[in-house]
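Residue-level structure breakdown
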Amino acid sequence: MAPRKKTRTGQGSNVTPRVAVDSIIDNAGKHPRGGDIPPITTPSESTILAQTAPVPTPDEGETNPPIDIPVPPPSPASGLSVFDRDLRGAIQMLAYIAASQAQRSSVGPTSSSQPRESNSFRVNKFLQLYPPMSTGANPEEDPQDFIDEMHKTLRVMRATETEGVGLASYSLKRVAYSWFVLLEESREEGSPPARWGEFTDAFMDHFLPVETKATHAAKIESLKQGSMSVWEYHIEFACLSKYAMHKLPTMEARVCRFVQGLSPLVINEATTVALNFDMNYGKMVAFAQATENRKLKNRMEHESSSKARSAGNFGGSFGGGGSRSAFRGGSSGPS
């Protein structure tokens, strides 16, 4: 005789099984694994599902907000706020400093007498030097002035080329900083951080007007020393050459153009010295200045001696004539 099936008694004996709502079922009524969802025929169940919004099963470690509390949608990304821009700039600056310190540590061990400075210390040291700021929005603002002043600040800090880019980017505001963000995003993924030379070239190409660059390039092609001293000529040449680096791409080209504009007083000696393979712009300026000073000193000494000889000859002829006249007069007296 077959055993009797026991009848399940209890709370769930007469309750229709409910359809579990989980992430496997999508909103279109289709099961991702294939097949339609069987229709629900129990009225009470349909009413419950119609009145209750499905609550997705939370993942491990997550919590769902209460159903009766509406969750506001995320605000559209209409642009970074001032705080976000400052925060992003600070993060980028610290990333550049960290990369620079990593390069320093890879070059050689740090001396125990000179402990490595922390990122926060480097940033504070940079800000205490009152670095220049650039907005990129003022047409009267000379981008070369910003590069020159920033370069002086970074030299005082003994910053590396990679660290210098990060610190300089923190001094960019408004339009200039937006440009830097685009510059960083345009770099290939995984590429090393930008170096100081790359940053300055890109900065000048973007913020220096084409008309200004063409004007300065034309001036340096026709620049001559003339009545200026070598030092004054160097100052003018250096200011103009910053805007015409595309015409003076190498040290040799820069030295050659500087020598071509020198005065006849020093150009011959400078042309001969320029042929040395180790000659650079700084050495050439020093040599031309020393040659000018030496020749001007020799010229002054020669003119002084010429004047002294002229004065001596004039005085000797005056004195000699008087003595001869007196001698003649004395000799004729007794007769």
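Before reading on, note that the structure itself is shown above.
A brief look at the structure comes next.

The next point concerns the pattern of salt bridges. Within the structure shown, the criterion is met by 9 salt bridges. The shortest N-O distance in the salt bridge between D205 and K213 comes to 3.5 Å. Note on D205: relative accessible area 54%, which makes it exposed. One salt bridge connects K283 with D278, and the closest N-O pair in it is separated by 3.9 Å. Overall, the relative accessible area of 42% leaves K283 in the partly exposed class. For D278, a relative accessible area of 42% gives the class partly exposed.

Right, let's get into the layout of surface pockets. Each pocket or cavity is described by its volume, and for the largest pocket that value is around 710 Å³. If you go around the largest pocket, you meet 24 residues; those closest to its centre are Q144, T200, D201, K242 and M245. Secondary-structure elements contributing two or more residues to the lining of the largest pocket are α4 (143–157), α7 (196–207) and α10 (251–260). With 6 residues, the top contributor of residues to the lining of the largest pocket is α7.

Here helix α8 (residues 210–221) is 12 residues long and its end C-alpha atoms lie 17 Å apart, about the 16 Å a rise of 1.5 Å per residue gives. Those residues of α8 not exposed but buried are H216, A217 and I220. For α8, the arc enclosing every buried residue in end-on projection is 105 degrees, short of the 170-degree limit, so these residues lie on one face.

A few words now on the packing of aromatic side chains. Two aromatic rings, taken as a pair, are described by how far apart their centres are and by the angle between their planes. Under the definition given, this model contains 13 aromatic pairs. A ring pair is formed by F237 and F258, whose centres lie 5.5 Å apart and whose planes are at 75 degrees; its orientation type is edge-to-face. Of this pair, F237 sits in helix α9 (residues 230–241) while F258 sits in helix α10, and the two are 21 residues apart along the sequence. Judged by relative accessible area, F258 falls into the buried class, the value being 0%. Cluster of aromatic residues (ring-pair linked, three or more members): F146, W179, F180, W196, F199, F203 and F207. When the ring centre of Y170 is taken as reference, the NZ or CZ atom of K173 above it lies at 5.1 Å. The side chain of R254 reaches across the aromatic face of Y281, ending 4.2 Å from its centre.

Even without being glycine, Y130 reaches a positive phi, approximately 50 degrees. The residue Y130 is located in the loop between α3 (119–128) and α4 in this model.

Conventions used here
- Residues numbered from 1 in each chain as written.
- Predicted model: local features only at pLDDT ≥ 70, side-chain atom pairs only at ≥ 80, totals over all residues.
- Heavy atoms only, no water.
- Salt bridge = Lys/Arg side-chain N within 4 Å of Asp/Glu carboxyl O.
- Buried < 20%, exposed > 50% of the residue type's maximum accessible area, 1.4 Å probe, protein only.
- 1 Å grid on protein atoms, 1.4 Å probe; cavity = no way out; pocket = protein on both sides within 12 Å on 5 of 7 lines; lining within 4 Å.
- Points joined across faces, edges and corners; volume = space filled by probe spheres on them.
- Helix = DSSP H or I, 4+ residues; strand = E, 2+ residues; numbered from the N terminus.
- Expected span 1.5 Å × (residues − 1).
- Arc of directions from axis to C-beta.
- Phe/Tyr/Trp six-rings, centres within 6.5 Å; stacked < 30°, edge-to-face > 60°.
- Lys NZ or Arg CZ within 6 Å of the ring centre and 35° of its normal.

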